[in-house]
Amino acid sequence: RVSKPLLTAAADVALVTPTDSETMHYHYGPKDLVTILFYIFITIILHAVVQEYILDKISKRLHLSKVKHSKFNESGQLVVFHLSSVIWCFYVVVTEGYLANPRSLWEDYPHVYLPFQVKFFYLCQLAYWLHALPELYFQKVRKEEIPRQLQYICLYLVHIAGAYLLNLSRLGLILLLLQYATEFLFHMARLFYFADENNEKLFNAWAAVFGITRLFILTLAVLAIGFGLARMENQAFDPEKGNFNTLLCRLCVLLLVCAAQAWLMWRFIHSQLRHWREYWNEQSAKRRVQAAPRLPIRFIKRESGKCQCLRQWQRPQACPGPTFRSAAPAPAETPCLSVSLHLLGYHENGVVKAENGTSPRTKKLKSP
């Protein structure tokens, strides 16, 4: 008896008897908090298993930095969660017939009594996002990353809990399916980027899907809440019966959904502009490096009576020549003696020597 409310959705059971067979349905109640708490501990254990046996082994082979290692762990955990949630949510939506009959999203409102798989899905979703709060401490997330992660954790909790408590569970399932599919694609693209930084094809696909998903979510929310519920007859505020179909409640829900989608779209546009700016700056820097001119002439001081210039030679060129004591000018195309010896020989202890090791100076014959 003690384990039953922990393992199953046993909060306030209701029995519905259709014409053919009996079906057990459920609605939310205070026992849901005990079930959510139990599954929070289950989720923490699964989180640790995925981290130790999958993500840590992959990250050791990639040799990532601390910043990339933290983002890799975050994306790895969310890829597993979003993939399982997309499959589970799609199965629930198809088996319950919500895709085949879109009118069921607002017809027969309020949807107080839920099938077992729908209620259990919502309880597991709330347990996962609540477990993400202590995981910020267990994973030793950097202080700079905590505000960003708290933002999307709170957004998910507010939307999921709002759909569950306001009896908009059918609409919430469709919106979660769209959102989770987009997020799975994003985190999958980030994992491939950490493995190979030149692989950005999935990011381009995610960028195209992201905008379409925002449009679908807004359209579906306005259609179901703004038009579907507005035409229902039972427009009265009755919390005991689970009816929140009033003008004020509908406006608040629509405002919350539209504000969240606008905020996500603004962040998306801002990040895309930043990436494009960084890309064009990198391309312009490469062009400047390719178009850089040759090194200019460098002047060095020499002793009097010797050459006053030294070029960064690529091939022999003309030089003014050494300073002569006579009045005859030096030939215009005569290479400088010091530069020519620098090209043809090498220096050893401050003395220029030819390639064969002999000194270029003429040896004085000793007098007998």
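Fair warning: this is a prediction, and the values are worked out from it, not measured in the lab.

## Observations concerning the overall build of the protein chain
Stage number 1. When helices and strands are counted, the protein chain shows 9 helices and 6 strands.
Stage number 2. In the protein chain, once contacts between residues fewer than 6 apart in sequence are set aside, the share between residues at least 24 apart is 65%.

## Some thoughts on the pattern of salt bridges
Stage number 1. Throughout the structure, instances matching the rule amount to 7 salt bridges.
Stage number 2. Its salt-bridge partner being Lys 119, residue Asp 32 comes within 2.9 Å of it at the nearest N-O pair. With Asp 32 in helix α2 (residues 31–62) and Lys 119 in helix α4 (residues 116–138), this pair connects stretches of sequence that are 87 residues apart.
Stage number 3. In this structure, Glu 145 engages Arg 148 in a salt bridge whose closest nitrogen and oxygen atoms are separated by 2.6 Å.
Stage number 4. Classification of Glu 145 by relative accessible area gives buried; the value is 10%.

## Some thoughts on the environment of Leu 62
Stage number 1. Position of Leu 62 relative to the elements: it lies in helix α2.
Stage number 2. Sequence separation between Leu 62 and Ala 195 is 133 residues, and the spatial gap between their C-alpha atoms is 6.6 Å.
Stage number 3. In this structure, Leu 62 is in contact with Phe 72 and Ala 195, ignoring residues within four places of it in sequence.

## Here we look at helix α8 (residues 247–290)
Stage number 1. Between its first and last C-alpha, α8 extends 64 Å over 44 residues, near the 64 Å set by a 1.5 Å rise per residue.
Stage number 2. Among the residues of α8, Arg 250, Val 253, Leu 254, Val 257, Ala 260, Gln 261, Leu 264, Phe 268, Ser 271 and Gln 272 are the ones counted as buried.
Stage number 3. Residues of α8 that are buried in the fold lie against α5 (146–165) and α7 (201–228).

## Digging into the UniProt feature "transmembrane region" (unreviewed entry) in the protein chain
Stage number 1. On the UniProt side, "transmembrane region" (unreviewed entry) is annotated at positions that read residues 37–55, 76–100, 120–138, 150–167, 205–227 and 247–269 here.
Stage number 2. Across residues 120–138, helical content stands at 100% and strand content at 0%; the span's end C-alpha atoms are separated by 26 Å.
Stage number 3. A helix fraction of 100% and a strand fraction of 0% characterise residues 247–269, whose end C-alpha atoms lie 32 Å from each other.

## Thoughts on a nonpolar patch on the surface
Stage number 1. A contiguous nonpolar patch, built from Ile 42, Ile 45, Leu 46, Val 49, Tyr 53, Ile 54 and Ile 58 and spanning about 640 Å² of accessible area, is present on the exposed surface.
Stage number 2. Along the chain, the position of Ile 54 falls in helix α2.

## Comments concerning the environment of Gln 149
Stage number 1. Mapped onto the elements of the fold, Gln 149 is located in helix α5.
Stage number 2. Spatially, the C-alpha atom of Gln 149 lies 9.6 Å from that of Glu 74, the residues being 75 residues apart in sequence.
Stage number 3. For Gln 149, the contacting residues outside a window of four places in its chain are Glu 74, Leu 136 and Val 141.

## Examining the nonpolar core
Stage number 1. Counting 51 residues, the largest nonpolar core has Tyr 122, Trp 129, Ile 160, Leu 173 and Tyr 180 as its most contacted members.
Stage number 2. Among the elements of the structure, α2, α3 (66–96), α4, α5, α6 (169–195), α7 and α8 are those that each provide at least two residues to this core.
Stage number 3. Residue contributions to this core peak at 11 residues, all from α4.
Stage number 4. Aside from chain neighbours lying at most four places away, what touches Ile 160 is Tyr 122, Gln 125, Leu 126, Trp 129, Leu 176 and Tyr 180.

## Section: the packing of α3 against α5
Stage number 1. The interhelical angle for the contact between α3 and α5, taken along N-to-C directions, is 15 degrees, at an axis separation of 14 Å. With respect to each other, α3 and α5 are oriented roughly parallel. Two packed elements cross with a definite hand, and for α3 against α5 that hand is left-handed. Counting all contacts with α3, which are made through Glu 74, Leu 78 and His 82, the residues of α5 involved are Arg 148, Gln 149, Tyr 152 and Tyr 156.

## Examining the side chain of His 47
Stage number 1. You can see His 47 is positioned in helix α2.
Stage number 2. Sequence-distant contacts of His 47, that is, excluding residues within four places in its chain, are made with Gln 77, His 131, Glu 135 and Gln 139.

## Description of the packing of aromatic side chains
Stage number 1. Counting across every chain of the model gives 26 aromatic pairs.
Stage number 2. Ring geometry for Phe 81 against Tyr 180: centres 5.5 Å apart, planes inclined by 70 degrees, an arrangement best described as edge-to-face. Of this pair, Phe 81 sits in helix α3 while Tyr 180 sits in helix α6, and the two are 99 residues apart along the sequence.
Stage number 3. According to the relative accessible area criterion, Phe 81 is buried, its value standing at 9%.
Stage number 4. Each residue in the set Tyr 26, Tyr 28, Phe 38, Tyr 39, Trp 88, Phe 116, Phe 120, Phe 121, Tyr 122 and Tyr 164 is aromatic and connected to the rest through ring pairs, giving one cluster.

The rules behind these values
- Residues numbered from 1 in each chain as written.
- Predicted model: local features only at pLDDT ≥ 70, side-chain atom pairs only at ≥ 80, totals over all residues.
- Heavy atoms only, no water.
- Helix = DSSP H or I, 4+ residues; strand = E, 2+ residues; numbered from the N terminus.
- Contact = heavy atoms within 4.5 Å.
- Salt bridge = Lys/Arg side-chain N within 4 Å of Asp/Glu carboxyl O.
- Buried < 20%, exposed > 50% of the residue type's maximum accessible area, 1.4 Å probe, protein only.
- Expected span 1.5 Å × (residues − 1).
- UniProt positions renumbered as here; feature names shortened; annotations may be inferred.
- Patch = residues over 30% accessible without salt bridge, like charges linked within 9 Å, V, L, I, M, F, W, Y side chains within 5 Å.
- Areas by Shrake-Rupley, 256 points an atom, 1.4 Å probe, with all protein chains shown as cover.
- Core = buried A, V, L, I, M, F, W, Y, C linked by side-chain atoms within 4.5 Å.
- Axes fitted to C-alpha atoms, helices over the stretch in contact; angles between N-to-C directions.
- Parallel < 35°, antiparallel > 145°, perpendicular 65-115°, else oblique.
- Left-handed = near helix turned anticlockwise from the far one by under 90°.
- Phe/Tyr/Trp six-rings, centres within 6.5 Å; stacked < 30°, edge-to-face > 60°.

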